[in-house]
Structure formats: structure tokens, C-alpha cells
Amino acid sequence: EAMAFMEWKDGTLGGFPVRAYRISFSGELIYEVAVPASQGRAFWDALMHAGKAFGITPYGTETMHVLRAEKGFIIIGQDTDGSVTPDDLNMGWCVGRNKPFSWIGWRGMNREDCLKENRKQLVGLKPLDPKKVLPEGAQLVFDPKQPIPMTMVGHVTSSYMSAAMGYSFAMAMVKGGLKRIGERVYAPLVDGSVIEAEIVSSVFYDPKGERQNV
């Protein structure tokens, strides 16, 4: 209540000068704390000591990647490339199209090719077998029985097993994907097997964003 979401404040914590941010890369109620580099280890030790009674546990970047993907948070360069626009990510809502002046990127976003309906778009994938994890980079097809060379319609950008949800999930760029929610897509693998998945929203966990205020 003293610090709204996306706010930050300078102060002291446990005797350390800090800059605290209420921001979240995982969608949970989280505070990031920055301290001078020279005091980083001392602050870490104090934090771990204070949190011991509460079962504090460090986690690594792999866990962070799973958490952000559950929320549909993209990584630029992994889930996107230089051809992807905000509209392709279903994030056109954050583009100020009503500004009285043109802005950087406006001309590029309005080129004919960027307005095609069948562009690759970011969606979620839920394998029908919840224990099968789609390989990142796997190519996708709508018809797994078509002759080789198959017509590829997209690829998997991020893929994990979720402990919180109890099943595997992925994000992918799929041609016309946002209008294909509820349809099936297939990933033919090099070993000859095929993983079938349902196209779903790219936001799997807490879609309303309520947990950042819990």
C-alpha cells in the first residue's frame, strides 16, 4: 500500500542504503532491491539470515524463465526477432496510435507486409500429452500427414515444464495464430515422432494479473 506497482523509493533496509522497486518479472508480488556493489555480499548474507525463519530460498535464471513464460512475458531475441511487431505479439494496445505526430517505428509497422493477416503471431501451446515438452526451435505444421517437404507455419520460441500448473507448455510464433486459438498444431521431430498441441493464449498463469497485488 505504501508503494504502488511500478513505483520505486530510496531508503535504508537493515542498515543498508537501498533503492527498492515494486516490479515483477514473474507476475507475483515482488520487490527488487538494489544496493551499492561493494555491499552486495553483506546485504545478501543479512537477507538470507533474516529470511531463514521463513524458509527463504534462492532461485536461478532457469526458474525465472519458467515463471516469466507462464505469464506470457516475452524475451526479446528469443520469442521475437527483428520482423516482429507489437501487433504480432497481441500487444497493439500499448502502441499510441492516436498521437498527433509520427513516432519511430510508425512507418515500419504500417508497411503492407506488416499488416498481412497471416503473419506469424505469438500464441501459447499446450501439448495434448502434458508430460511431453516441445523442443525450443521445433518447426510447426497444421497437417502432420502432408508429404515432405512440409509447409512450416511457425516455430516454438520458449518451452518448459510447469511445476505450478502441472503440465508442459510453450510459446510459439504461428501464422495467423491469434485467430486459431483452440485449433491444433503439430511438431514433427527428428526422431520421427510428432507432438500435438492446442493453440491457446500465451498467458497461462494468473491471466488477470491478480497475484501481483496479493
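Here's what I pulled together on the structure shown here. All values derive from a computational prediction rather than experimental measurement.

About the thresholds
Residues numbered from 1 in each chain as written. Predicted model: local features only at pLDDT ≥ 70, side-chain atom pairs only at ≥ 80, totals over all residues. Heavy atoms only, no water. Salt bridge = Lys/Arg side-chain N within 4 Å of Asp/Glu carboxyl O. Buried < 20%, exposed > 50% of the residue type's maximum accessible area, 1.4 Å probe, protein only. Disulfide = S-S within 2.5 Å. Helix = DSSP H or I, 4+ residues; strand = E, 2+ residues; numbered from the N terminus. Phe/Tyr/Trp six-rings, centres within 6.5 Å; stacked < 30°, edge-to-face > 60°. Lys NZ or Arg CZ within 6 Å of the ring centre and 35° of its normal. Pairing = 2+ DSSP bridges.

1. With respect to the pattern of salt bridges
Thinking step 1. Summed over all chains, the structure comprises 12 salt bridges.
Thinking step 2. Of the charged contacts in the structure, one is a salt bridge between D10 and R19, with a shortest N-O distance of 2.7 Å.
Thinking step 3. When the shortest N-O distance is used, the salt bridge between D113 and R119 registers 3.4 Å.
Thinking step 4. Assessed through its relative accessible area of 11%, R119 is described here as buried.
Thinking step 5. One salt-bridge network, in which partners are shared between bridges, spans D88, D113, K116 and R119.

2. Some remarks on the state of the cysteines
Thinking step 1. In the structure shown here, the tally under the stated rule is zero disulfides.
Thinking step 2. In this model C114 remains outside any disulfide bridge; the closest cysteine sulfur is found in C94, 15 Å from its own.

3. Points about unusual backbone geometry
Thinking step 1. Along the chain, I148 connects to P149 via a cis peptide bond; the corresponding omega equals 5°.
Thinking step 2. Along the polypeptide, P149 turns up in the loop between β5 (139–140) and β6 (154–162).
Thinking step 3. Although it is not a glycine, D206 adopts a positive phi angle of roughly 50°.
Thinking step 4. Relative to the assigned elements, D206 resides in the segment after β9 (194–200).
Thinking step 5. Accessibility expressed as a relative area gives 12% for D206, which makes it buried.

4. Points about the packing of aromatic side chains
The geometry of an aromatic ring pair is captured by two quantities: the separation of the ring centres and the angle between the planes.
Thinking step 1. What the rule picks out here adds up to five aromatic pairs.
Thinking step 2. Feature note: the residues Y160, F169 and F204 constitute an aromatic cluster, connected by ring pairs.
Thinking step 3. It is K126 that lies over the ring of Y167; its NZ or CZ is 4.4 Å from the centre.

5. Section: the environment of F54
Thinking step 1. Tracing the sequence through the fold places F54 in the loop between α1 (40–51) and α2 (61–70).
Thinking step 2. Here the alpha-carbon distance between F54 and G192, two residues 138 residues apart in the chain, equals 48 Å.

6. Thoughts on the pairing of strand β7 (residues 167–175)
Thinking step 1. Within β7, eight of the nine residues are buried, which leaves the element mostly enclosed by the surrounding structure.
Thinking step 2. Summarising the sheet, strand β4 (residues 120–127) and β7 pair through six bridges and their orientation is antiparallel. The residue of β7 that forms the bridge with L125 is A170.
Thinking step 3. Strand direction decides the pairing type here: β6 and β7, joined by eight bridges, are antiparallel. Counted as the bridge partner of G154 is V174 from β7.
Thinking step 4. As consecutive antiparallel partners, β6 and β7 are separated by four residues, and within that stretch G166 has a phi angle of approximately 80°, a positive value.

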